[in-house]
Amino acid sequence: MSVALDEQGCAPWSSRLDAGELAELAALFADWPVGRPGQRIDPARAAALSGVRRLIADQAPTMRPVRALLFDKTDGGNWALAWHQDRTIEVAERREVAGFGPWTVKQGRIHVAPPVSLLERMVTVRFHLDPVDADNAPLLVSPGSHRLGLIAEDAIAGVVDRMGEAVCLAEAGTVWLYRTLILHASARAMPGRHRRVLQIDLSADDLPGGLRYAVGTA
């Protein structure tokens, strides 16, 4: 992992997806439901992509994909994202384990908030299929906010004011890495654009008490 990722909480990969890897990524969006802004997929499906395998081998050889989401901001499915932290993981089934909770179900898939120490060790990666300029809803992050643990909702605005904002622009094939707990946000995309992204969460941890990541599930 780069020093920038650990200190700032975000960093672009020095490499990028090649034409073949972009084609594999594009295939994930081939049957995109009209009007849907995002959907969850099996992390094993994302892990099979050659670009994902190459990124992990280069940047995080001890980690594996444990959650995968596809996003596409279009005229029929556009949204703004307020400043927040990602605080949940996806698991195969519900088991009551100390330190894990509350529980939620998103698109029929089971999620739980784990101990913050687990989230602090995770990395989130975003693979860009489309160019993302200032008008195409780039991700905004607050550098260094990943070092503050869980941030109360009423404290988020103050943290962003104090620590500032960074804009994560991208070209087709750009890959950004983030510490999973970093504060982030995005605006609505301008009309007539696509902003297709594969986002995966990486972890090196096994879960306790019989809990299992939802990898290899439908």
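Note: the structure precedes this text.
Residues numbered from 1 in each chain as written. Predicted model: local features only at pLDDT ≥ 70, side-chain atom pairs only at ≥ 80, totals over all residues. Heavy atoms only, no water.

A. Representation of helix α2 (residues 19–27) within the structure. Among the residues of α2, E21, L22 and L25 are the ones counted as buried. Down the axis of α2, the buried set is contained in an arc of 100 degrees. They therefore lie on one face. Here the buried face of α2 lies against α4 (50–59), β8 (123–128) and β13 (196–203). The opening residue of α2 is D18, an N-cap whose side-chain oxygen sits 3.2 Å from the backbone nitrogen of G20. (Buried < 20%, exposed > 50% of the residue type's maximum accessible area, 1.4 Å probe, protein only. Helix = DSSP H or I, 4+ residues; strand = E, 2+ residues; numbered from the N terminus. Arc of directions from axis to C-beta. Contact = heavy atoms within 4.5 Å. Polar contact = N/O pair within 3.5 Å; in protein donor to acceptor, adjacent residues only side chain to side chain.)

B. Inspection of the side chain of H184 at higher detail. As for its placement among the helices and strands, H184 is situated in strand β12 (residues 184–186). When its relative accessible area of 8% is taken as the criterion, H184 is described as buried. Here I182 takes part through its backbone oxygen, which lies 3.0 Å from a polar atom of the side chain of H184. Apart from residues no more than four positions distant in its own chain, H184 is found in contact with L81, A82, W83, H84, Q85, D86, L139, L140 and V141.

C. The sheet that holds strand β1 (residues 10–12), seen in detail. With respect to topology, six strands assemble into an open sheet ordered β1-β11-β8-β13-β3-β2, the strand pairing being antiparallel. Both edges of this open sheet fall to β1 and β2 (38–41), since each of them pairs with a single strand only. Direction aside, neighbouring strands of the sheet carry axes that sit 20 degrees apart on average. Direction of pairing for β2 relative to strand β3 (residues 64–72): antiparallel, over a ladder of four bridges. When the bridges of β3 are listed, Q39 appears paired with L70. Where α4 meets the sheet, its contacts fall on β3, β8, β11 (175–179) and β13, and the angle it forms with β8 comes to roughly 140 degrees. (Pairing = 2+ DSSP bridges. Axes fitted to C-alpha atoms, helices over the stretch in contact; angles between N-to-C directions.)

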